[in-house]
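Survey of secondary and tertiary structure
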Amino acid sequence: MKEWSAIAQRTAAASDGPVLIRNARVLDPASGFDAVVPVLLRDGRIAAIGEGAVADASTRAVDARGCWLIPGLVDLCARFREPGQTHKASFATETRAAQAGGIAHVVIPPDTQPVIDTPAMLIRLQRIAQQHGGVTVHGLAALTKDLKGEALAELSALKAAGAVGASNAYGPMPDSRIARRALEYAKGLNLTVHVFAQDMALAAGGCAHEGPVATRLGLAPIPVAAEVASLRFWISLVEDTGARVHFCRLSTARGAELIESARSRGLPVSADVAAHQLHLTDADVDGFDPLCHVIPPLRSTADRDALRAAVKSGVIDAICSDHQPHEADAKINPFPMTEPGISALETLLPLSLALVHEGWLTPLQALARLTSAPATIAGIDGGRIAVGQAADLVLVDPEARWVLHRDRMYSAGGNSPFIGRRLHGRVLRTFHAGREVFTASRG
C-alpha cells in the first residue's frame, strides 16, 4: 500500500500540467467515434481531439501506441464498506482498486451502516469520498426507512442532497402498497428506482441455483422463479405508475426476456448484469467453492449465454462490478454460512473485454455497457470522450495477458474466484479530472 501511495503521489504531481496522449486508438461509444488521433488534456478537461491537439513547452507527452484510450468506467454497483464495515474494506483501499480498474464513477448502494436514508448520511458518505478523491462517488438513497419496507424515506431531501437514484438494496418490500407509493413518489421527483429483483419467499434463504449441482451438493436452492416473480411484480407497477425503474444484476434468461418484453411496450425500464455472471456458472460452485457464493446465484450455462446475448442486443444496458469485498474469515465457513460477494473492481474491465476477444461484443459495444449506458441510467455527466468533458480517461492495453494475484490486488478483499486465472486486457494509466491517478507497475 505504501508503494502504491508513493507512485500515486509522483504521478499526480507530474500530471498537474497539460498532457498530450498520442497514437492511441480513441474509442468513444457515446458518439461511435473510433480512430487513432491525439488527445490533449488541460485544466482537468479534454481540451482538443485530433488536429487541434498539439503540445507546447509545458505539455507532457504520452506515447500510447498500441493502446486504447477510453472513457473512465461508470460502475452502477460497488460497496466500499465504509461507513460501518471497515474491517472488510474502506474508501482508502477501494478507491485505489477502482483506479486500478479504470473506474471513474462509482454508485454506492444505500445499505451502508447506518443506512443512507437521511440527507445527513448521504452528505457523510460524500465527505468521506472527497477526502480520498481520484474517483467520483455517487450515492443511492434508501427507498424506505432503514430499508425495512415499512415507511418511505425522505426521497425529496435525499435527491436535493445529491442522490442519483433510490433503492431498497436487499431489503424486503412485503407491502405492495408501499412499493407502489414509492414508485409514485420517485416518479414525481424524476428519480430512478434501482430494484434488485428477488422474491424473498421463493428464495427462502437459499444460496445456489436450483439445479443438478445444488441438488448433488445438498445446497438450499434459489429458483429462477424468484427473479421472474419479482420482475413481474415491479414491471406491473411500472405499467401503473410510469416510474423509471432500473433492474439490478439480472441472472436468468427468463429475466432478460421480461425486460425485453417490457421495453418493447415502451416501459421506462433498464437493466444491468454483474460481470461475473457473464463468465461463471453454477458448475463453478461444485466443490463448495465459497468464492463462487454470490447473490443472485451463479446460474446455468444457458442462462449465462442468454445474458451475454442480452448484453450484445442492448436489452441489458450495463455491466457492473457488484463489488463486495470481504475479510478472509467471511469465506472460510461451510458454503451456506459464508458471506456472498466478489471483490470485483479490478476485474470489471478485463472480464468485459474477454467478451470482445471471444467475439460476443465489438469494442464499442463492450465499452458502451461500461461507460455511456450506465452514465445515462444514473444521470451522471461522464462516460464519454468529447471536447470540454472532464478528462476521466483510461489507457488500456487490450492485448495484455496477465494473471490476477491476491497479493497484487489493491482491494482489501481478496475474495475473487478469478485469482490465478489469466485475464485479457489491462489498465495502464487512469486519469481523473486530467490527473494521472494510477500507473500500472511493470511486470
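Only a predicted model underlies this, so the values are computations on that prediction, with no experimental measurement involved. (Residues numbered from 1 in each chain as written. Predicted model: local features only at pLDDT ≥ 70, side-chain atom pairs only at ≥ 80, totals over all residues. Heavy atoms only, no water.)

With respect to the state of the cysteines
One pass over the full model with this rule turns up 0 disulfides. Of all cysteine sulfurs, the one in C320 lies closest to C77, which takes part in no disulfide; the gap is 5.4 Å. For C207, which is in no disulfide, the shortest distance to another cysteine sulfur is to C292 and amounts to 12 Å. (Disulfide = S-S within 2.5 Å.)

Overview of the packing of aromatic side chains
Summed over the entire model, instances satisfying the criterion amount to 4 aromatic pairs. Pairing F233 with W234 gives two aromatic rings, centres 5.4 Å apart and planes at 80°, and the pair type is edge-to-face. For F233, a relative accessible area of 29% gives the class partly exposed. Ring geometry for Y410 against F438: centres 5.7 Å apart, planes inclined by 90°, an arrangement best described as edge-to-face. (Phe/Tyr/Trp six-rings, centres within 6.5 Å; stacked < 30°, edge-to-face > 60°. Buried < 20%, exposed > 50% of the residue type's maximum accessible area, 1.4 Å probe, protein only.)

Observations regarding the confidence of the model for the protein
Regions with low pLDDT carry predicted coordinates that are not meant to be interpreted in detail. Counting all residues, the mean pLDDT for the protein is 95, and 96% of those residues have values of 70 or more. Residue range residues 1–15 is modelled with pLDDT below 50. Its contacts to residues more than four positions away, or to other chains, number 19 contacts. (pLDDT = per-residue confidence, 0-100. Contact = heavy atoms within 4.5 Å.)

Thoughts on the nonpolar core
Side chains that are nonpolar tend, in soluble globular proteins, to be buried together. Grouped together as the largest cluster of nonpolar side chains are 102 residues, with contacts concentrated most on I70, F247 and L349. With 7 residues, the single largest contributor to this core is helix α8 (residues 224–241). Residues in contact with F247, not counting those within four places in the same chain, are V195, A197, L231, W234, I235, I259, V269, S270, A271 and D272. Formed by 17 residues, the second largest nonpolar core is a distinct cluster that contains V37, C67, A391 and L393. (Core = buried A, V, L, I, M, F, W, Y, C linked by side-chain atoms within 4.5 Å. Helix = DSSP H or I, 4+ residues; strand = E, 2+ residues; numbered from the N terminus.)

Looking at the pattern of salt bridges
One pass over the full model with this rule turns up 19 salt bridges. A salt bridge links D111 to R79, with the nearest nitrogen and oxygen atoms 2.9 Å apart. Taken together, the residues span a long stretch of sequence, with D111 in the loop between β9 (103–108) and α3 (119–132) and R79 in the loop between β8 (73–75) and α2 (91–100) at a distance of 32 residues. For R79, a relative accessible area of 6% puts it in the buried group. Here R308 ties to E358 by a salt bridge, and the two come within 3.0 Å at their closest N and O atoms. Here the residue R308 occupies a position in helix α10 (residues 301–313), and E358 occupies one in the loop between α11 (348–357) and α12 (363–370), the gap between them amounting to 50 residues. Judged by relative accessible area, which is 6%, R308 ranks as buried. Note on E358: relative accessible area 46%, which makes it partly exposed. Connected via shared salt-bridge partners are R79, D111, R249 and D322. (Salt bridge = Lys/Arg side-chain N within 4 Å of Asp/Glu carboxyl O.)

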